[in-house]
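A structural walkthrough
Chain residues, written in single-letter form:
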Amino acid sequence: MIRTVEQYLESLNDGREIWCLGEKVSDVRTHPILGNIIKTAALDYVFPNHPEYRDLFVTQDEQGEDVNFLLTAPKSSEDLLRRRECFVAAMRSGGGVLLHCMGADALAAFTVTANSMDRELGTGYSERVENYRKLLMKQDLGITGAVTDVKGDRSLHPSRQKQHQDYYLRVVDRQDDGIIVRGAKVHISASPCANELLCLPCRTHGEEDKDYALAFAVPVNTPGVKLLAVEPVSRTYGEEGLFDYPKTSTRPPTESLIVFDDVFVPWERVFMCGEWQFSRTLAYAFASYHRLFGTCKMVGKLEAITGAAALVADYNGVDKADHVRKKLAWMAMITHMVKELGKAACLDPEKGFGHDVAMPNRMSINSAKYTFASNFHQMCQYAQDIAGGLSTTVPTYRDWSNQEIRPYIEKYLSAKDGVPTEDRLRLMRLIKDMTGNYWQIDTIHGEGSMAAQQMFLYGSADWDLLKAAARRSADIDGWQDDPVYGSLLSTDQVKMPPVDESYKSIPESKR
Ligand SMILES: Cc1cc2nc3c(=O)[nH]c(=O)nc-3n(C[C@H](O)[C@H](O)[C@H](O)COP(=O)(O)OP(=O)(O)OC[C@H]3O[C@@H](n4cnc5c(N)ncnc54)[C@H](O)[C@@H]3O)c2cc1C
């Protein structure tokens, strides 16, 4: 089924426990801050109902019923490219797929891992995952992925933590009809607007930590689930918010700290419970899928920040300056690289799981995530440099709306002839908003910190090929067995006439 926006909004009035700025929220839809998150998330239900986007976002299940494409398991390069297209379209629009990115990535990772566990351990998780997937499709539920544990002392494994044993979400009781879980997940995006939370481990676990090797899904309104929403960047919305914080008032932070205070989960919703050997498969599969989303998320952001830097150069009259053009060229290059690396990850997917599922290429997707995470602060520096100091001291909507002071702002904060002062102010506010700390930190840590990508890149690089390249270049034996470097042609195959040794310019030793 494909729900309407109204049906989605109605589903959120379900008694969920959410806190925002120290107050308990009675209805997320009407809350002055959280209501903006819900509005952004509701775009998830606009796309599939919109005639122009329907073909992209809607597919059919085995019974021929319309379902959201993002809830299906990607099986091919084409599926991954279509998933990417959904993500990019939504992120460029400034909303949407909030409810079908982390959750859809977690669901895809459940599928990969359940198949592996069933094959190697004889468990029956695949059927559970597929039944759960059917439920999501049938009810068209909004889902999010809760992966990151609060972790306590990072140097200690979960069961070795000193202050308590709940820094990582764990099973505390196994009963006939289900399990009881305790712990907390942190920075979980889209949580106030989701219907379901899909929980999985954020790291690999050893046998001593098998109670933490845990994956399951629960509705957000399950007793014992408590959401503590993060502080908003902008506390002004509507016309004023749009002027002052054009990005973060329309797409506010959606994260929460989620506490699981002895929550009951029925067995049919449990997708890993104790199979510690597979927590690695699950965490890694999620990371690969989710970095594809992260890369698509960044396409819209990088295009906007690069475009803002180019536009502000025009507005300020510095668009022809050599140093400005060099900075803009670099920004355009990073934007292009991230876009293309994301596409490359879909064109050459990982398929070797012994079943019908495709995962983004590890090298490409981690290169994409690392490229934007490690360069975003430099992008911000360039945008701020080109924009000038006004990108932080720019007046607000309230200043601009005050008729007594507006003429001064109009006169003195104009720049190039022909550019309305209001446009320049709006652009400066955008740069201030986009280069602020929420996004800088999101860029580094969202989809995993940079060390995580380095770990994947080191683990996935084809070191044999790279070393064979070096051996062949240095004429050290060993490259001949490499499938690529061993079978290449060389100049040895070119028969040349004998060298004329009469030239004096050639040293005697070389003759
Ligand atoms: C805006 C935002 C949205 C997010 N959305 C989601 C979401 O929807 N779902 C979700 O599950 N998560 C989400 N995350 C979480 C994100 O994946 C984590 O922030 C990220 O994995 C880093 O974890 P951390 O914040 O606990 O930092 P830490 O793990 O404390 O990392 C800080 C530094 O310590 C290093 N470090 C940590 N542990 C070790 C170790 N054992 N050895 C060596 N170095 C170590 C890290 O590499 C990093 O350099 C989001 C984060 C942000 C900022």
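Refer to the structure printed above.
These remarks concern the structure in this document. Everything quoted here is computed from the prediction, not taken from an experiment.

1. Description of the overall build of the protein chain
Summing up its helical and strand segments, the protein chain has 17 helices and 12 strands in all. Once the C-alpha set of the protein chain is aligned to its principal axes, its extents read approximately 95 × 75 × 55 Å. Going through the 511 residues of the protein chain one by one, you find that 44% of them count as buried. A sequence separation of at least 24 residues applies to 73% of the contacts in the protein chain between residues at least 6 apart.

2. Some words on unusual backbone geometry
Excluding glycine, most residues fall at negative phi; most peptide bonds, likewise, are trans. One non-glycine residue, D140, lies in positive phi territory at about 50°. Its place among the elements puts D140 in the loop between helix 6 (125-139) and strand 5 (143-146). C-beta crowding within 10 Å serves as the criterion here: with 23 such atoms nearby, D140 is assigned to the buried category. The phi dihedral of D475 is positive, around 60°, even though this residue is not glycine.

3. Describing the site of the ligand
Neighbouring the ligand are 19 residues; V147, R154, S189, H445 and A451 lie closest to it. Of all the secondary-structure elements, those providing two or more residues to the shell around the ligand are strand 5, strand 7 (178-188) and helix 15 (437-445). At 3 residues, the largest contribution of residues to the shell around the ligand is made by helix 15. Here the residues of the shell around the ligand are counted per class, giving 6 nonpolar, 9 polar and 4 charged.

4. So, helix 8 (residues 279-316)
When the terminal C-alpha atoms of helix 8 are compared, their 53 Å separation across 38 residues agrees well with the 56 Å that a helix rising 1.5 Å per residue should span. A large share of helix 8 lies buried, amounting to 30 of its 38 residues. G317 occupies a position one or two residues after helix 8 and carries a positive phi of about 80°.

5. Details of the sheet that holds strand 1 (residues 17-20)
With mixed pairing, the 6 strands of this open sheet are ordered in space as 2-1-10-11-7-6. The sheet terminates laterally at strand 2 (23-25) and strand 6 (170-174), the two strands that pair on one side only. On average, each strand axis in the sheet is inclined to that of its neighbour by 20°, with strand direction left out of account. Relative to strand 7, strand 6 is paired through 4 bridges, and the arrangement is antiparallel. Each residue of the ladder has a partner; that of D173, found in strand 7, is I180.

6. Observations regarding the packing of helix 8 against helix 10 (residues 362-387)
Running from amino to carboxyl end, helix 8 crosses helix 10 at an angle of 25°, the nearest separation of the two axes being 9 Å. Viewed along their axes, helix 8 and helix 10 adopt a mutual orientation that is roughly parallel. For the crossing formed where helix 8 meets helix 10, the hand is left-handed. The residues of helix 10 that touch helix 8, namely those facing S288, R291, L292, G294, T295, M298, L302, I305, A308, A309, V312 and A313, are R362, I365, N366, A368, K369, F372, M379, Y382, A383, I386 and A387. Residue composition of the contact of helix 8 with helix 10, grouped by class: 16 nonpolar, 4 polar and 3 charged.

7. Quick notes on the sheet that holds strand 5
Taken in spatial order, the 4 strands make up an open sheet running 5-8-9-12, and their pairing is mixed. Whereas interior strands pair on both sides, the edge strands pair on one side only; in this sheet they are strand 5 and strand 12 (270-273). Pairs of neighbouring strands in the sheet enclose a mean axial angle of 20°, with direction left out of account. Alignment of strand 5 against strand 8 (residues 196-199), held across 4 bridges, turns out to be parallel. Counted as the bridge partner of I143 is E196 from strand 8.

8. Re the packing of helix 5 (residues 102-121) against helix 8
Between helix 5 and helix 8, the shortest axis-to-axis distance is 8 Å and the interhelical angle comes to 145°. Read as a crossing pair, helix 5 and helix 8 show a hand that is right-handed. Along its contact with helix 5, which presents M102, D105, A106, A108, A109, V112, T113 and S116, the element helix 8 presents T281, L282, A285, F286, Y289, H290 and F293.

9. Quick notes on the nonpolar core
Of all hydrophobic cores here, the largest spans 135 residues; its most connected members are A109, L214, F216, F286 and A383. At 19 residues, helix 8 tops the list of elements feeding residues into this core. Discounting residues that sit within four places of it in the chain, F216 has contacts with V181, C199, V265, R269, V270 and F271.

Rules of the game
- Residues numbered from 1 in each chain as written.
- Predicted model: local features only at pLDDT ≥ 70, side-chain atom pairs only at ≥ 80, totals over all residues.
- Helix = DSSP H or I, 4+ residues; strand = E, 2+ residues; numbered from the N terminus.
- Buried ≥ 20, exposed ≤ 12 C-beta atoms within 10 Å, placed from the backbone.
- Contact = placed C-beta atoms within 7 Å.
- Near = placed C-beta within 6 Å.
- Nonpolar A, V, L, I, M, F, W, Y, C, P; charged D, E, K, R; others polar.
- Expected span 1.5 Å × (residues − 1).
- Pairing = 2+ DSSP bridges.
- Axes fitted to C-alpha atoms, helices over the stretch in contact; angles between N-to-C directions.
- Parallel < 35°, antiparallel > 145°, perpendicular 65-115°, else oblique.
- Left-handed = near helix turned anticlockwise from the far one by under 90°.
- Core = buried A, V, L, I, M, F, W, Y, C linked by C-beta atoms within 7 Å.

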